[in-house]
Amino acid sequence: MNYAKIKKYDISNGPGVRVSLYVSGCRNRCKNCFNPETWDFEYGEPFTKKVEDEIIEAMKPDYIKGFTLLGGDPFEPENAQALAPFIERLRKIYPDKSFWCFTGYDYESDILTGKKCEIEIALKILHCLDVLVDGRFIEEKKDLNLLFRGSSNHRIILVKPSLEKDEIVLWDEQSAV
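Here is a short report on the structure shown in this document. Since this is a predicted model, take the numbers as computed values, not measurements.

### With respect to the pattern of salt bridges
Applying the stated rule across the entire model yields 14 salt bridges. Ionic pairing is found between Asp106 and Arg155, a salt bridge with its closest N-O pair at 3.3 Å. With Asp106 in the loop between β5 (98-102) and α3 (107-111) and Arg155 in strand β7 (residues 155-158), the pair connects residues that are 49 residues apart, well separated along the chain. Judged by relative accessible area, Asp106 falls into the partly exposed class, the value being 25%.

### Let's talk about the side chain of Asp73
Tracing the sequence through the fold places Asp73 in the loop between β4 (64-71) and α2 (77-93). Excluding anything up to four places from it in sequence, Asp73 contacts Val23, Gly25, Cys26, Asn28, Asn79, Thr103, Gly104 and Tyr105.

### Quick word on the packing of aromatic side chains
When we look at a pair of aromatic rings, we describe it by the centre distance and by the angle of the planes. Applying the stated criterion across every chain yields a total of nine aromatic pairs. Between Tyr9 and Tyr63 the ring centres are 6.4 Å apart and the planes differ by 15°, which places this aromatic pair in the stacked class. A residue pair is termed long-range when its members are at least 10 positions apart, and Tyr9 in strand β1 (residues 2-10) and Tyr63 in the loop between α1 (49-58) and β4 qualify at 54 residues. Residue Tyr9 is classed as exposed on the basis of its relative accessible area of 60%. The interplanar angle of 35° and the centroid separation of 6.5 Å between the aromatic rings of Trp100 and Phe102 together place this pair among those described as tilted. Trp100 gets classed as buried once you look at its relative accessible area, which sits at 0%. Joined through ring pairs, the aromatic side chains of Tyr3, Phe47, Phe67, Phe86 and Phe99 make up one cluster. Directly above the ring of Tyr22 sits Lys5, whose terminal nitrogen or CZ lies 4.8 Å from the centroid.

### A few points about unusual backbone geometry
Trans is the prevailing form of peptide bonds, just as negative phi is the prevailing case for residues other than glycine. In the Ramachandran plot, Phe148 falls in the positive-phi region, its phi being about 60° despite a non-glycine side chain. On the accessibility criterion, Phe148 (13% relative accessible area) is buried. The phi dihedral of Asp166 falls on the positive side, at around 55°, and the residue is not glycine. With respect to the helices, strands and loops of the structure, Asp166 is situated in the segment after α5 (159-165). On the basis of relative accessible area, Asp166 is assigned to the exposed category, the value being 69%.

### Remarks on the nonpolar core
Among the nonpolar cores identified, the biggest contains 37 residues, and Leu21, Ile55, Phe67, Phe75 and Leu129 are the most heavily contacted of them. Elements with a contribution of two residues or more to this core: β1, β2 (17-23), α1, β4, α2, β5, α3 and α4 (119-126). Excluding its chain neighbours within four sequence positions, the residues that come into contact with Ile55 are Ile6, Val19, Leu21, Phe47, Phe67, Phe86 and Leu90. By size, the runner-up hydrophobic cluster in this structure holds 11 residues, among which are Tyr22, Trp100, Val169 and Trp171.

Rules used throughout
Residues numbered from 1 in each chain as written. Predicted model: local features only at pLDDT ≥ 70, side-chain atom pairs only at ≥ 80, totals over all residues. Heavy atoms only, no water. Salt bridge = Lys/Arg side-chain N within 4 Å of Asp/Glu carboxyl O. Helix = DSSP H or I, 4+ residues; strand = E, 2+ residues; numbered from the N terminus. Buried < 20%, exposed > 50% of the residue type's maximum accessible area, 1.4 Å probe, protein only. Contact = heavy atoms within 4.5 Å. Phe/Tyr/Trp six-rings, centres within 6.5 Å; stacked < 30°, edge-to-face > 60°. Lys NZ or Arg CZ within 6 Å of the ring centre and 35° of its normal. Core = buried A, V, L, I, M, F, W, Y, C linked by side-chain atoms within 4.5 Å.

Here it is as structure tokens:
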């Protein structure tokens, strides 16, 4: 897997100051995507143990509230395979920080069915997440006033309660994660 960039002080992809990993590779190719260079699976640098350790180190300060995965698309099979063990490791080290992920895929029809990536791998990632922002970016539904999403079809899903209840539970500004 390759990654496009790491932001060590990101305030736009989840609440508080976060460390964000932009992975490379996305088959959705949404019209007017804000990161079209990340569509290419070969773009950027290889995601290595050294890069993992750099992210772990960047997460240490108390003012870092969490970690965000985006891209590209973390749930592309090539990316999910590499990310699952890393995010499990990161979650063990930082159990009290929030973990967010952005995907162009639909939570129920693409991810939970295993349609876009192996279900076992998808569940490993999902069990480490607090929040999943799902859905393709749709230019016609673009709204710059939305918090943490680009188009009104995006849902901000609380993953743990959604998995427990087997129904979508949405995040709101009062949510703690």
